[in-house]
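# Observations on the model geometry
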Amino acid sequence: ASVVQRLWRGSVSSGMLSPRLQRAMGDYLSANKHHVTYKGGRRAAQSSRELLCELKDQARLRTLDGSEQPFSSLGWAHLVPRLALEQLYRQGGQRGFRSCAVVTSAGAILHSGLGKEIDSHDAVLRFNAAPTEGYVRDVGNKTTIRIINSQILANPKNHFNTSSLYKKVTLVAWDPAPYAVNLHKWYASPDYNLFSPYVEHRRLHPTQPFYVLHPKYVWQLWDVIQGNTQETIQPNPPSSGFIGILLMMALCEEVHVYEYIPSLRQTDLCHYHERYYDAACTLGAYHPLLYEKSLVQRINTGPERDLKRKGRVTLPGFSTVNC
Ligand code: C5P
């Protein structure tokens, strides 16, 4: 069976990857750029309910609120949005979102015709610089939240300050701190400098909701992936896709994820909006993607035909899971 067929059934191992991807994984393991020192165990298969409860408990959504140093001295308590992200969509008696769609940027979503279905959700999450214009039939055109990595803020080629991709939506940025999460060290040397563009953007557009994920949140997600995988996973943060899925599970009652676990349209085309081919985008080299996807498949409540035809996974929101 191919790696993707194995993913549909939820049993994967790095041995199924091409020699090139296996070598890349090995290089990231020996580099250990973020100084990961994992002390937890590795559980044998938990039931999907146990896994959901562990995620609900470990993956408490957390953004920088300016209460910790060095951010408190820098006045971030007044810089960040007044309402926490968890509260933003629960004002005035609202109960958060009922249905949500997470749209990955995978090439496999091309020619899917999923646009209308995606837009029918209460909220839609998209990633980084993924456009809707020109692709509405396949990816829809509604965007409620956009998760952006620090490269989007730091690299001038993305035109973060002027592009319409980053306007009229809730923005959530992230950057990997060292595994031990020393905020002083992180502030002094982030992977890509997101701090000054964030501050500038907050000053210019104070009414646009814009958050920075707490790096502890990102590594706690990583811990759950490693803790539920027998193999040693890449010591690098989870992909934006995994982070976005868990974020929406905290804000929505039901989450549909599109083309994270690939459909029959699986392709080496990295992004639907770019002519660049690399299987690493789908199966992982830097990010522990294969293991993230296997974990998500284990909590999928939708049928296999949704996976094959739509690349669609159905997940319960945390508010509906009683642990
Ligand atoms: O590449 P980028 O991080 O912007 O894509 C957003 C997310 O979509 C990724 O973090 C990954 O989780 C998912 N993705 C995927 N397969 C691809 C491309 C992206 O699963 N071929």
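Before any of the text, the structure's been laid out above.
Residues numbered from 1 in each chain as written. Predicted model: local features only at pLDDT ≥ 70, side-chain atom pairs only at ≥ 80, totals over all residues. Heavy atoms only, no water.

## Points about the sheet that holds strand 6 (residues 252-258)
Pairing is mixed across the open sheet formed by seven strands, whose spatial order is 5-4-3-2-1-6-7. Only two strands of the sheet have a single partner each, and these edge strands are strand 5 (210-212) and strand 7 (312-316). Each adjacent strand pair in this sheet contributes to an overall mean axis angle of 20 degrees, direction not counted. Relative to strand 4 (residues 170-174), strand 3 (residues 145-149) is paired through five bridges, and the arrangement is parallel. Of the residues in strand 4, the one forming a bridge with Ile145 is Thr170. (Pairing = 2+ DSSP bridges. Helix = DSSP H or I, 4+ residues; strand = E, 2+ residues; numbered from the N terminus. Axes fitted to C-alpha atoms, helices over the stretch in contact; angles between N-to-C directions.)

## Digging into helix 11 (residues 215-227)
With 13 residues, helix 11 should cover 18 Å at 1.5 Å per step; its first-to-last C-alpha distance of 18 Å lies within 8% of that length. Taking burial as the measure, the 13 residues of helix 11 include ten buried ones, the bulk of the element. Considered for burial, the residues of helix 11 that qualify are Pro215, Tyr217, Val218, Trp219, Leu221, Trp222, Val224, Ile225, Gln226 and Gly227. Buried residues in helix 11 make contact with helix 3 (48-58), strand 4, helix 9 (183-188), helix 12 (240-251) and helix 14 (289-298). (Expected span 1.5 Å × (residues − 1). Buried < 20%, exposed > 50% of the residue type's maximum accessible area, 1.4 Å probe, protein only. Contact = heavy atoms within 4.5 Å.)

## Details of the side chain of Gln226
With respect to the helices and strands, the residue Gln226 is situated in helix 11. Every residue in contact with Gln226, bar those within four places of it in the chain, is listed here: Tyr38, Gly41, Arg42, Glu231, Thr232 and Ile233.

## Comments concerning the environment of Met249
Residue placement: Met249 occurs in helix 12. Each C-alpha atom of the pair Met249 and Cys100 lies 8.7 Å from the other, and the pair is 149 residues apart in sequence. Other than its neighbours up to four places away in sequence, Met249 contacts Leu52, Val255, Ile299, Leu315, Pro316, Gly317 and Phe318.

## A word on the state of the cysteines
Applying the stated criterion across every chain, the model contains three disulfides. Note that Cys100 is cross-linked by a disulfide to Cys252, the S-S spacing being 2.0 Å. Taking the sign of the S-S torsion, -90 degrees for the link of Cys100 and Cys252, the bridge is left-handed. Highlighted residues: Cys100 in strand 1 (residues 97-103) and Cys252 in strand 6, separated in sequence by 152 residues. Comparing Cys100 with Cys252, the two get one shared label, buried. (Disulfide = S-S within 2.5 Å.)

## Details of the nonpolar core
The biggest cluster of nonpolar side chains holds 90 residues, and the ones touching the most others in it are Leu246 and Met248. Apart from the residues within four sequence positions on either side, Leu246 is in contact with Leu55, Ala59, Tyr217, Leu221 and Phe318. Grouped together as the second largest cluster of nonpolar side chains are ten residues, Ala101, Leu114, Val139 and Tyr272 included. (Core = buried A, V, L, I, M, F, W, Y, C linked by side-chain atoms within 4.5 Å.)

## Observations regarding the layout of surface pockets
Empty space within the largest pocket amounts to approximately 1300 Å³. Breaking the lining of the largest pocket down by element, the ones donating at least two residues are helix 2 (19-31), helix 8 (150-154), helix 12, helix 13 (280-283) and helix 14. When grouped by side-chain class, the residues that make up the lining of the largest pocket number 20 nonpolar, 16 polar and eight charged. (1 Å grid on protein atoms, 1.4 Å probe; cavity = no way out; pocket = protein on both sides within 12 Å on 5 of 7 lines; lining within 4 Å. Points joined across faces, edges and corners; volume = space filled by probe spheres on them. Nonpolar A, V, L, I, M, F, W, Y, C, P; charged D, E, K, R; others polar.)

## Notes on the packing of helix 11 against helix 12
As a packed pair, helix 11 and helix 12 sit with axes 11 Å apart at the nearest point and diverge in direction by 100 degrees. On the basis of their axis angle, the class for helix 11 and helix 12 is roughly perpendicular. Seen from helix 11, the contacting residues are Tyr217, Val218, Leu221 and Ile225; seen from helix 12, they are Phe242, Ile243, Leu246 and Leu247. Along the lines of polarity and charge, the residues of the contact of helix 11 with helix 12 split into eight nonpolar, no polar and no charged. (Parallel < 35°, antiparallel > 145°, perpendicular 65-115°, else oblique.)

## Re the side chain of Asn228
Among the structural elements, Asn228 can be located in the loop between helix 11 and helix 12. Only 3.1 Å separates the side chain of Asn228 from the side chain of Glu54, close enough to count as a polar contact. (Polar contact = N/O pair within 3.5 Å; in protein donor to acceptor, adjacent residues only side chain to side chain.)

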